[in-house]
Amino acid sequence: MEPIWIVSILVGLILLILITGGIQKSFKLLGSGIVRFLIGALLLFFANIIGAQFGLHVPINLITTAVAGLLGVCGVGALVVINLWIM
């Protein structure tokens with residue numbers, strides 16, 4: 001075999017590994033984001049169940065779910081405080 005073929009095959013294999021690794025990381029990031037959104041929606045759902053006894057309702061939409069998913073319990077608390085004081 002000629003050296004150009006060996007170098008081409010090695011470069012192709014390296015590029016294939018880099019491309020598949022990048023795709024795998026992006027799917028991992030996307031999956032993590034979806035899980036965070038689901039956890040945020042669940043936290044808001046439970047906050048609404050508990051808050052229903054006190055007349056509190058935080059709407060579950062894309063923005064509130066993102067805040068609750070990214071900030072966790074502190075985000076839900078912030079949404080409750082915003083709902084009580086501003087609205």
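Criteria and cut-off values
The residue numbers shown here count from 1 along each chain, following its written sequence. The predicted nature of this model means local features are confined to residues of pLDDT at least 70 and side-chain atom pairs, given and counted, to a pLDDT of 80 or more, with totals for whole chains, interfaces and linings taken over all residues. Only hydrogens and water are set aside; all other atoms, that is, all heavy atoms of the structure, feed into the side-chain values. By the criteria applied, helices consist of DSSP H or I runs no shorter than four residues and strands consist of E runs no shorter than two, each listed in order from the N terminus. The length a helix should cover is 1.5 Å for every residue beyond the first. The classification of residues rests on relative accessible area computed with a 1.4 Å probe and restricted to protein chains. Under 20% of the type maximum is buried, over 50% is exposed, and intermediate values are partly exposed. We call two residues in contact whenever any of their non-hydrogen atoms come within 4.5 Å of each other. By nonpolar core we mean a set of buried residues, namely Ala, Val, Leu, Ile, Met, Phe, Trp, Tyr and Cys, connected to one another through side-chain atoms within 4.5 Å.

Student: Can you explain helix 1 (residues 3-51)? Please cite residues and give values.
Tutor: With 49 residues, helix 1 should reach 72 Å at 1.5 Å per residue; the first-to-last C-alpha distance of 72 Å fits that figure. Those residues of helix 1 that sit buried are Gly40, Leu44, Ala47, Asn48 and Gly51. Those residues of helix 1 hidden inside the fold are in contact with helix 2 (62-71) and helix 3 (73-85).

Student: Tell me about the side chain of Asn83, and please be specific about residues and values.
Tutor: Secondary-structure assignment places Asn83 in helix 3. In this structure Asn83 comes out as buried when scored by relative accessible area, which is 13%. Asn83 has contacts with Leu56, His57 and Val58, leaving out every residue within four places of it along the chain.

Student: Which residues make up the nonpolar core, and what are the values?
Tutor: Among the nonpolar cores identified, the biggest contains 8 residues, and these are Leu44, Ala47, Leu56, Val58, Ala68, Val76, Leu79 and Val80. Within the residue set of this core, elements represented by two or more residues are helix 1 and helix 3. For this core, the leading source of residues is helix 3, giving 3 residues. Other than its neighbours up to four places away in sequence, Val80 contacts Leu56 and Val58.

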